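# Topology and contacts: notes
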Amino acid sequence: MTQNIQNKDIKIVGKLHSKAQFVAIVGVMAAFAAILSYIETIIPFSIWIPGVKLGLANIAIVVILCLYGAREAFAVNIVRILVVGLLFGNMFSISFSLAGALISFAVMVLAKKTDLFTIIGISVTGGVAHNLGQMIVASVVIETYSVVYYMPALMIAGVITGIIIGMVGKIILKYMTKIVKNKR
Amino acid sequence: MKANNKKIRNDIILICILCVTAAVACFFLYFKADNAEKMQLQILIDGELIETYDYSTDEDFYKEIALDIGNTIVVENGQIYMKEANCPDGLCIKQGEISKDGQSIICLPHKLVVRLVELSRDNFSENDGLDVMPR
Ligand SMILES: [Zn+2]
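Residues numbered from 1 in each chain as written. Chains lettered and ligands numbered in written order. Predicted model: local features only at pLDDT ≥ 70, side-chain atom pairs only at ≥ 80, totals over all residues. Heavy atoms only, no water.

## Let's talk about the environment of B:Asp101
The test is simple: Strands here mean DSSP runs of E at least two residues long; helices mean DSSP runs of H or I at least four residues long; both are numbered from the N terminus.
Following the sequence through the fold, B:Asp101 ends up in the loop between helix H2 (91-94) and strand E6 (104-107). The spacing of B:Asp101 and B:Gln40 is 61 residues in sequence and 8.8 Å in space, taken between C-alpha atoms.

What follows is the structure, encoded as C-alpha coordinates:
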(Lines give C-alpha, C1' and ligand atoms only; values in the text may rest on other atoms or scores of the structure.)
Protein backbone atom coordinates (compact mmCIF):
# COMPACT_ATOMS: atom_id res chain seq x y z
CA MET A 1 0.00 0.00 0.00
CA THR A 2 2.65 2.46 1.04
CA GLN A 3 4.61 1.69 -2.09
CA ASN A 4 1.62 2.54 -4.26
CA ILE A 5 1.20 5.87 -2.56
CA GLN A 6 4.90 6.48 -2.98
CA ASN A 7 4.77 5.67 -6.66
CA LYS A 8 1.93 8.13 -7.14
CA ASP A 9 3.92 10.81 -5.35
CA ILE A 10 6.90 10.12 -7.53
CA LYS A 11 4.74 10.56 -10.59
CA ILE A 12 3.42 13.89 -9.32
CA VAL A 13 6.91 15.03 -8.41
CA GLY A 14 8.32 13.45 -11.55
CA LYS A 15 8.79 16.64 -13.53
CA LEU A 16 10.94 19.50 -12.39
CA HIS A 17 8.97 22.55 -13.35
CA SER A 18 11.45 25.35 -13.43
CA LYS A 19 15.00 25.71 -14.54
CA ALA A 20 15.94 26.94 -11.08
CA GLN A 21 14.49 23.82 -9.50
CA PHE A 22 16.43 21.66 -11.96
CA VAL A 23 19.71 23.43 -11.24
CA ALA A 24 19.15 23.30 -7.49
CA ILE A 25 18.33 19.60 -7.37
CA VAL A 26 21.13 18.66 -9.74
CA GLY A 27 23.58 20.79 -7.74
CA VAL A 28 22.64 19.29 -4.39
CA MET A 29 22.64 15.73 -5.65
CA ALA A 30 25.92 16.19 -7.54
CA ALA A 31 27.52 17.53 -4.36
CA PHE A 32 26.16 14.52 -2.47
CA ALA A 33 27.51 12.17 -5.16
CA ALA A 34 30.90 13.92 -5.15
CA ILE A 35 31.17 13.51 -1.36
CA LEU A 36 30.31 9.81 -1.72
CA SER A 37 32.97 9.44 -4.42
CA TYR A 38 35.49 11.10 -2.15
CA ILE A 39 34.59 8.84 0.78
CA GLU A 40 35.08 5.91 -1.56
CA THR A 41 38.62 7.03 -2.45
CA ILE A 42 39.61 7.05 1.23
CA ILE A 43 38.06 3.72 2.30
CA PRO A 44 40.34 0.77 1.69
CA PHE A 45 38.41 -1.79 -0.29
CA SER A 46 39.96 -5.20 -0.55
CA ILE A 47 39.12 -6.38 -4.08
CA TRP A 48 41.68 -4.62 -6.23
CA ILE A 49 40.72 -6.03 -9.57
CA PRO A 50 40.80 -3.21 -12.10
CA GLY A 51 37.31 -1.84 -12.37
CA VAL A 52 35.80 -3.02 -9.10
CA LYS A 53 34.46 -0.18 -7.06
CA LEU A 54 31.98 0.10 -4.25
CA GLY A 55 30.19 2.68 -6.36
CA LEU A 56 28.94 4.70 -3.40
CA ALA A 57 28.16 7.63 -5.69
CA ASN A 58 25.63 5.40 -7.37
CA ILE A 59 23.41 5.91 -4.32
CA ALA A 60 22.83 9.49 -5.43
CA ILE A 61 22.47 8.53 -9.09
CA VAL A 62 19.96 5.74 -8.53
CA VAL A 63 17.89 7.86 -6.11
CA ILE A 64 17.58 10.77 -8.50
CA LEU A 65 16.89 8.40 -11.38
CA CYS A 66 13.97 6.89 -9.46
CA LEU A 67 12.75 10.19 -8.02
CA TYR A 68 12.93 12.29 -11.18
CA GLY A 69 14.25 10.72 -14.34
CA ALA A 70 17.08 9.98 -16.74
CA ARG A 71 17.72 13.62 -17.71
CA GLU A 72 18.27 14.79 -14.13
CA ALA A 73 20.31 11.73 -13.21
CA PHE A 74 22.49 12.18 -16.28
CA ALA A 75 23.25 15.79 -15.33
CA VAL A 76 24.17 14.74 -11.78
CA ASN A 77 26.40 12.00 -13.11
CA ILE A 78 28.34 14.25 -15.49
CA VAL A 79 28.84 17.00 -12.92
CA ARG A 80 29.96 14.44 -10.34
CA ILE A 81 32.51 12.77 -12.63
CA LEU A 82 34.03 16.09 -13.69
CA VAL A 83 34.19 17.47 -10.14
CA VAL A 84 35.66 14.29 -8.67
CA GLY A 85 38.07 13.84 -11.58
CA LEU A 86 39.35 17.39 -11.32
CA LEU A 87 39.64 17.32 -7.53
CA PHE A 88 41.00 13.86 -6.80
CA GLY A 89 42.02 12.28 -10.10
CA ASN A 90 43.97 12.58 -13.29
CA MET A 91 42.99 12.42 -16.95
CA PHE A 92 43.45 8.69 -16.99
CA SER A 93 41.15 8.06 -14.04
CA ILE A 94 38.56 10.51 -15.41
CA SER A 95 38.27 8.83 -18.79
CA PHE A 96 38.38 5.37 -17.26
CA SER A 97 35.67 6.03 -14.67
CA LEU A 98 33.63 7.93 -17.24
CA ALA A 99 33.38 4.78 -19.36
CA GLY A 100 32.14 2.62 -16.48
CA ALA A 101 29.78 5.31 -15.20
CA LEU A 102 28.16 5.85 -18.61
CA ILE A 103 27.70 2.13 -19.31
CA SER A 104 26.23 1.55 -15.86
CA PHE A 105 23.99 4.60 -16.24
CA ALA A 106 22.62 3.51 -19.63
CA VAL A 107 21.79 0.05 -18.26
CA MET A 108 20.06 1.51 -15.19
CA VAL A 109 17.94 3.82 -17.34
CA LEU A 110 16.85 0.80 -19.41
CA ALA A 111 16.14 -1.24 -16.26
CA LYS A 112 14.02 1.64 -14.93
CA LYS A 113 12.14 1.92 -18.24
CA THR A 114 11.09 -1.74 -18.17
CA ASP A 115 9.33 -0.99 -14.87
CA LEU A 116 10.12 -4.55 -13.76
CA PHE A 117 12.42 -3.90 -10.81
CA THR A 118 12.59 -2.01 -7.53
CA ILE A 119 15.40 0.42 -6.85
CA ILE A 120 17.46 -2.56 -5.61
CA GLY A 121 17.15 -4.44 -8.92
CA ILE A 122 17.98 -1.27 -10.86
CA SER A 123 21.04 -0.69 -8.72
CA VAL A 124 22.17 -4.32 -9.19
CA THR A 125 22.01 -4.00 -12.99
CA GLY A 126 24.04 -0.80 -12.64
CA GLY A 127 26.67 -2.40 -10.41
CA VAL A 128 27.18 -5.39 -12.68
CA ALA A 129 27.19 -3.25 -15.83
CA HIS A 130 29.72 -0.90 -14.27
CA ASN A 131 32.16 -3.69 -13.43
CA LEU A 132 31.76 -5.55 -16.71
CA GLY A 133 31.99 -2.27 -18.63
CA GLN A 134 35.24 -1.38 -16.88
CA MET A 135 36.52 -4.87 -17.69
CA ILE A 136 35.76 -4.43 -21.38
CA VAL A 137 37.38 -0.99 -21.43
CA ALA A 138 40.42 -2.41 -19.63
CA SER A 139 40.76 -5.23 -22.15
CA VAL A 140 40.66 -2.71 -25.00
CA VAL A 141 43.20 -0.43 -23.29
CA ILE A 142 45.73 -3.19 -22.66
CA GLU A 143 44.76 -5.07 -25.82
CA THR A 144 44.49 -8.38 -24.02
CA TYR A 145 41.66 -10.70 -23.18
CA SER A 146 43.33 -11.85 -19.94
CA VAL A 147 40.89 -9.65 -18.05
CA VAL A 148 38.12 -12.11 -18.92
CA TYR A 149 39.35 -14.26 -16.03
CA TYR A 150 38.04 -11.63 -13.64
CA MET A 151 34.53 -11.76 -15.06
CA PRO A 152 32.87 -13.99 -12.43
CA ALA A 153 34.39 -12.03 -9.57
CA LEU A 154 33.39 -8.76 -11.20
CA MET A 155 29.80 -9.94 -11.64
CA ILE A 156 29.45 -11.14 -8.05
CA ALA A 157 31.06 -7.97 -6.73
CA GLY A 158 28.61 -5.95 -8.86
CA VAL A 159 25.63 -7.87 -7.49
CA ILE A 160 26.72 -7.44 -3.86
CA THR A 161 27.56 -3.74 -4.13
CA GLY A 162 24.37 -3.24 -6.16
CA ILE A 163 22.21 -4.77 -3.42
CA ILE A 164 23.86 -2.69 -0.68
CA ILE A 165 23.59 0.52 -2.69
CA GLY A 166 20.00 -0.25 -3.66
CA MET A 167 19.03 -0.77 -0.02
CA VAL A 168 20.61 2.49 1.09
CA GLY A 169 19.06 4.21 -1.92
CA LYS A 170 15.64 2.85 -1.01
CA ILE A 171 15.81 4.46 2.43
CA ILE A 172 16.98 7.79 1.02
CA LEU A 173 14.34 7.67 -1.71
CA LYS A 174 11.65 7.18 0.94
CA TYR A 175 12.73 10.28 2.85
CA MET A 176 13.29 12.40 -0.23
CA THR A 177 9.84 11.52 -1.52
CA LYS A 178 8.39 12.67 1.81
CA ILE A 179 10.34 15.93 1.74
CA VAL A 180 9.33 16.77 -1.81
CA LYS A 181 5.73 15.87 -1.04
CA ASN A 182 5.54 18.08 2.06
CA LYS A 183 6.83 21.03 0.11
CA ARG A 184 3.97 21.04 -2.31
CA MET B 1 1.23 -3.99 -2.89
CA LYS B 2 0.86 -6.72 -5.50
CA ALA B 3 2.84 -4.80 -8.11
CA ASN B 4 5.54 -4.18 -5.55
CA ASN B 5 5.78 -7.86 -4.62
CA LYS B 6 6.14 -8.70 -8.27
CA LYS B 7 9.01 -6.24 -8.57
CA ILE B 8 10.73 -7.71 -5.53
CA ARG B 9 10.30 -11.15 -7.08
CA ASN B 10 11.84 -9.82 -10.31
CA ASP B 11 14.76 -8.37 -8.33
CA ILE B 12 15.41 -11.79 -6.81
CA ILE B 13 15.16 -13.52 -10.20
CA LEU B 14 17.59 -10.99 -11.66
CA ILE B 15 20.08 -11.53 -8.85
CA CYS B 16 19.82 -15.31 -9.20
CA ILE B 17 20.36 -15.17 -12.98
CA LEU B 18 23.45 -13.01 -12.52
CA CYS B 19 24.88 -15.32 -9.86
CA VAL B 20 24.25 -18.43 -11.98
CA THR B 21 25.89 -16.75 -14.98
CA ALA B 22 28.91 -15.93 -12.85
CA ALA B 23 29.07 -19.50 -11.55
CA VAL B 24 28.89 -20.94 -15.08
CA ALA B 25 31.59 -18.52 -16.27
CA CYS B 26 33.67 -19.54 -13.24
CA PHE B 27 33.30 -23.19 -14.18
CA PHE B 28 34.45 -22.65 -17.75
CA LEU B 29 37.31 -20.32 -16.85
CA TYR B 30 38.84 -22.04 -13.83
CA PHE B 31 37.98 -25.71 -13.72
CA LYS B 32 40.23 -26.86 -16.46
CA ALA B 33 42.30 -30.01 -16.10
CA ASP B 34 44.89 -29.02 -13.56
CA ASN B 35 47.89 -30.77 -15.07
CA ALA B 36 49.94 -27.66 -15.51
CA GLU B 37 53.39 -29.10 -15.72
CA LYS B 38 55.14 -26.41 -17.64
CA MET B 39 53.92 -22.92 -17.13
CA GLN B 40 55.32 -19.80 -18.58
CA LEU B 41 55.40 -16.34 -17.11
CA GLN B 42 54.58 -13.88 -19.86
CA ILE B 43 54.97 -10.13 -19.77
CA LEU B 44 52.90 -8.11 -22.19
CA ILE B 45 52.99 -4.40 -22.76
CA ASP B 46 50.38 -2.79 -24.98
CA GLY B 47 49.20 -6.27 -25.98
CA GLU B 48 52.63 -7.31 -27.21
CA LEU B 49 54.61 -10.15 -25.71
CA ILE B 50 57.79 -8.55 -24.36
CA GLU B 51 59.42 -11.25 -22.26
CA THR B 52 58.80 -14.83 -21.21
CA TYR B 53 60.24 -16.82 -18.31
CA ASP B 54 59.95 -20.41 -17.28
CA TYR B 55 57.83 -20.54 -14.17
CA SER B 56 59.25 -22.46 -11.25
CA THR B 57 57.39 -23.53 -8.12
CA ASP B 58 60.65 -24.26 -6.26
CA GLU B 59 60.64 -23.04 -2.69
CA ASP B 60 64.02 -21.35 -2.89
CA PHE B 61 63.49 -19.85 -6.31
CA TYR B 62 63.68 -16.08 -6.26
CA LYS B 63 63.72 -13.78 -9.21
CA GLU B 64 63.18 -10.07 -9.56
CA ILE B 65 62.22 -8.67 -12.94
CA ALA B 66 62.57 -4.90 -13.22
CA LEU B 67 60.86 -3.38 -16.23
CA ASP B 68 61.78 -0.05 -17.83
CA ILE B 69 58.26 1.26 -17.44
CA GLY B 70 58.69 1.25 -13.67
CA ASN B 71 57.20 -2.05 -12.51
CA THR B 72 59.11 -4.69 -10.59
CA ILE B 73 57.79 -8.24 -10.65
CA VAL B 74 58.94 -10.85 -8.17
CA VAL B 75 58.75 -14.64 -8.39
CA GLU B 76 59.13 -16.16 -4.95
CA ASN B 77 58.14 -19.61 -3.61
CA GLY B 78 56.06 -20.24 -6.70
CA GLN B 79 54.12 -17.01 -6.19
CA ILE B 80 54.29 -14.10 -8.57
CA TYR B 81 53.53 -10.59 -7.41
CA MET B 82 54.12 -6.96 -8.28
CA LYS B 83 56.66 -5.67 -5.81
CA GLU B 84 57.02 -2.09 -6.93
CA ALA B 85 55.30 0.18 -9.42
CA ASN B 86 55.31 3.87 -10.13
CA CYS B 87 51.88 3.92 -11.75
CA PRO B 88 49.38 6.49 -10.43
CA ASP B 89 46.93 4.03 -8.90
CA GLY B 90 49.20 1.27 -7.59
CA LEU B 91 46.39 -1.25 -8.06
CA CYS B 92 48.75 -3.81 -9.60
CA ILE B 93 50.60 -4.14 -6.27
CA LYS B 94 47.34 -4.64 -4.42
CA GLN B 95 46.24 -7.44 -6.75
CA GLY B 96 48.49 -9.79 -4.78
CA GLU B 97 49.98 -13.10 -5.76
CA ILE B 98 49.26 -15.38 -8.70
CA SER B 99 50.31 -18.99 -9.21
CA LYS B 100 47.78 -20.66 -11.51
CA ASP B 101 47.30 -21.02 -15.24
CA GLY B 102 45.37 -18.11 -16.69
CA GLN B 103 45.85 -15.80 -13.73
CA SER B 104 47.22 -12.36 -14.37
CA ILE B 105 48.33 -9.16 -12.74
CA ILE B 106 47.32 -6.07 -14.61
CA CYS B 107 48.75 -2.59 -14.43
CA LEU B 108 46.26 -0.58 -16.39
CA PRO B 109 48.03 2.81 -16.48
CA HIS B 110 51.14 1.13 -17.92
CA LYS B 111 49.14 -1.21 -20.16
CA LEU B 112 51.08 -4.05 -18.60
CA VAL B 113 49.89 -7.64 -18.22
CA VAL B 114 51.83 -10.25 -16.28
CA ARG B 115 50.29 -13.65 -16.73
CA LEU B 116 50.83 -17.34 -16.27
CA VAL B 117 50.14 -19.57 -19.22
CA GLU B 118 50.30 -23.32 -19.47
CA LEU B 119 52.61 -24.06 -22.36
CA SER B 120 50.51 -26.73 -24.04
CA ARG B 121 47.60 -24.33 -24.04
CA ASP B 122 49.68 -21.49 -25.35
CA ASN B 123 50.53 -23.50 -28.45
CA PHE B 124 47.06 -23.05 -29.82
CA SER B 125 46.22 -19.84 -28.03
CA GLU B 126 47.17 -17.74 -31.02
CA ASN B 127 43.66 -18.14 -32.41
CA ASP B 128 41.53 -19.25 -29.45
CA GLY B 129 40.61 -15.68 -28.80
CA LEU B 130 41.41 -15.66 -25.09
CA ASP B 131 44.89 -14.26 -25.34
CA VAL B 132 46.40 -11.56 -27.44
CA MET B 133 44.04 -9.61 -29.62
CA PRO B 134 44.86 -9.57 -33.31
CA ARG B 135 46.61 -6.37 -34.18
ZN1 LIG C 1 50.20 -0.39 -11.67
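Once the structure has been displayed, the description carries forward.
## Brief notes about the domain arrangement of chain B
We count it as follows: Residue ranges for the domains originate in an automatic or database domain assignment.
As assigned here, chain B comprises domain 1 (1-30) and domain 2 (37-118). Here domain 1 of chain B and domain 2 of chain B have C-alpha centroids that lie 35 Å from each other.

## As for the packing of aromatic side chains
Keep this limit in mind: The criterion for an aromatic pair is that two Phe, Tyr or Trp rings (for Trp, the six-membered ring) have centres within 6.5 Å, with stacked assigned to planes under 30 degrees apart, edge-to-face to planes over 60 apart and tilted to the rest. Summary of the burial criterion: residues with accessible area below 20% of their type's maximum are buried, those above 50% are exposed, and those between are partly exposed, where the area comes from a 1.4 Å probe applied to protein chains only.
All told, the structure shown has two aromatic pairs over all chains when counted by the stated rule. Ring geometry for A:Phe74 versus A:Phe105: centroids 5.6 Å apart, planes at 45°, classification tilted. One end of the pair, A:Phe74, is in helix H4 (residues 70-88); the other, A:Phe105, is in helix H5 (residues 91-114), with 31 residues separating them in the sequence. A relative accessible area of 7% places A:Phe105 in the buried class. A ring pair is formed by B:Phe27 and B:Phe28, whose centres lie 5.8 Å apart and whose planes are at 85°; its orientation type is edge-to-face. Given a relative accessible area of 63%, B:Phe28 falls into the exposed group.

## Details of the sheet that holds strand E5 (residues 79-85) of chain B
Residues and elements named next belong to chain B. Put simply, the test is: Here, a strand pair is defined by DSSP locating no fewer than two bridges between the strands. Each axis is a line fitted through C-alpha atoms, taken for helices only over the stretch in contact, and angles between the N-to-C directions span 0 to 180 degrees.
Within the open sheet, the three strands sit side by side as E3-E4-E5. Their pairing is antiparallel. For this open sheet the edge positions go to strand E3 (62-66) and E5, each flanked by a neighbour on one side alone. When strand polarity is set aside, the average angle formed by the axes of neighbouring strands in this sheet is 20°. Sheet analysis places strand E4 (residues 71-76) next to E5, joined by six bridges and oriented antiparallel. Paired with Val75 across the strands is Ile80, a residue of E5.

## A few points about the coordination of the zinc ion
Residue and element names in this part refer to chain B. Let me state the cut-off plainly: Here the term donor refers to an N, O or S atom within 2.8 Å of the metal (or 3.2 Å for Na, K and Ca), and because water is left out of the atoms, sites may appear incomplete.
Only Cys87 (SG), Cys92 (SG) and Cys107 (SG) from the protein reach the zinc ion as donors, at distances of 2.1 to 2.2 Å. Motif for the zinc ion, donor spacing along one chain: C-x4-C-x14-C. Here Cys92, found in helix H2, pairs with Cys107, found in strand E6; they are 15 residues apart in sequence, far enough to count as distant. For Cys107, a relative accessible area of 1% gives the class buried.

## A look at the nonpolar core
To keep things clear, this is the line we draw: Only buried Ala, Val, Leu, Ile, Met, Phe, Trp, Tyr and Cys residues count toward a nonpolar core, and they belong to the same one when joined by side-chain atoms within 4.5 Å. We call two residues in contact whenever any of their non-hydrogen atoms come within 4.5 Å of each other.
Membership of the largest hydrophobic core comes to 55 residues, with the highest contact counts inside it found for A:Met29, A:Val76, A:Ile122 and A:Val124. Listed by contribution, the elements that provide at least two residues to this core are helix H2 (19-42), helix H3 (58-67), H4, H5, helix H6 (119-141) and helix H7 (151-183) of chain A together with helix H1 (2-30) of chain B. Sort the elements by how many residues they give to this core and H3(A) lands first, with nine residues. Lining this core are residues from two domains, each supplying at least three of them: domain 1 (1-30) and domain 2 (37-118) of chain B. Excluding its chain neighbours within four sequence positions, the residues that come into contact with A:Val124 are A:Gly158, A:Val159, A:Gly162, A:Ile163, B:Leu14, B:Ile15 and B:Leu18.

## Comments concerning the sheet that holds strand E2 (residues 48-54) of chain B
All names here are of chain B. As summarised here, the arrangement of the four strands in space is E2-E1-E7-E6, forming an open sheet in which the pairing is antiparallel. Strand pairing shows two members of the sheet lacking a second neighbour, E2 and E6, which therefore form its edges. Neighbour-to-neighbour, the strand axes of the sheet open up by a mean angle of 20°, direction not taken into account. In this structure, strand E1 (residues 39-45) lies alongside strand E7 (residues 112-118), joined through seven bridges in antiparallel fashion. If you follow Gln40 over to E7, its bridge partner there is Val117.

## Concerning the environment of A:His130
Residues and elements named next belong to chain A. Using the following cut-off: As used in this structure description, the phrase polar contact means that two N or O atoms lie within 3.5 Å; if the pair is within protein, one of them must be able to donate a hydrogen and the other to accept it, and residues adjacent in sequence are counted only when both atoms belong to side chains.
Position of His130 relative to the elements: it lies in helix H6. Note on His130: relative accessible area 13%, which makes it buried. In this structure the side chain of His130 is engaged in a polar contact, spanning 3.1 Å, whose partner is the side chain of Asn131.

## Some words on a positive patch on the surface
Residue and element names in this part refer to chain A. In plain terms, the rule: Within the patch definition used here, like charges are joined within 9 Å and nonpolar side chains (Val, Leu, Ile, Met, Phe, Trp, Tyr) within 5 Å, considering only residues with over 30% relative accessible area and no salt bridge. Using a 1.4 Å probe, accessible areas were evaluated by the Shrake-Rupley method; residue-level cover was limited to the displayed protein chains. A side-chain nitrogen of Lys or Arg and a carboxyl oxygen of Asp or Glu constitute a salt bridge if their distance falls within 4 Å. The positive count covers Lys and Arg only, the negative count covers Asp and Glu only, and His and the chain ends enter neither. Here the site of a charge means NZ on Lys, CZ on Arg, CG on Asp, or CD on Glu.
A cluster of basic residues, Lys170, Lys174, Lys178 and Lys181, forms a positive patch at the surface. Mapping Lys178 onto the fold places it in helix H7. Under the relative-accessibility criterion, Lys178 is labelled partly exposed at 44%.

## Description of the packing of H6(A) against H1(B)
Definition in use: Reported orientations rely on four angle classes, namely roughly parallel under 35 degrees, roughly antiparallel over 145, roughly perpendicular from 65 to 115, and oblique for the rest. Definitions for this section: a left-handed crossing has its near helix turned counterclockwise from the far helix by less than a right angle. A right-handed crossing has that turn clockwise. Three categories are distinguished: nonpolar for Ala, Val, Leu, Ile, Met, Phe, Trp, Tyr, Cys and Pro, charged for Asp, Glu, Lys and Arg, and polar for the others, with Gly belonging to the last.
Two numbers describe how H6(A) lies on H1(B): the axes approach to 9 Å, and their chain directions differ by 20°. By the angle class used here, H6(A) and H1(B) are roughly parallel. H1(B) is crossed by H6(A), and the crossing has left-handed handedness. Of the residues in H1(B), those in contact with A:Ile120, A:Gly121, A:Val124, A:Thr125 and A:Val128 of H6(A) are B:Asp11, B:Leu14, B:Ile15 and B:Leu18. Here the contact of H6(A) with H1(B) is composed, by residue class, of six nonpolar, two polar and one charged.

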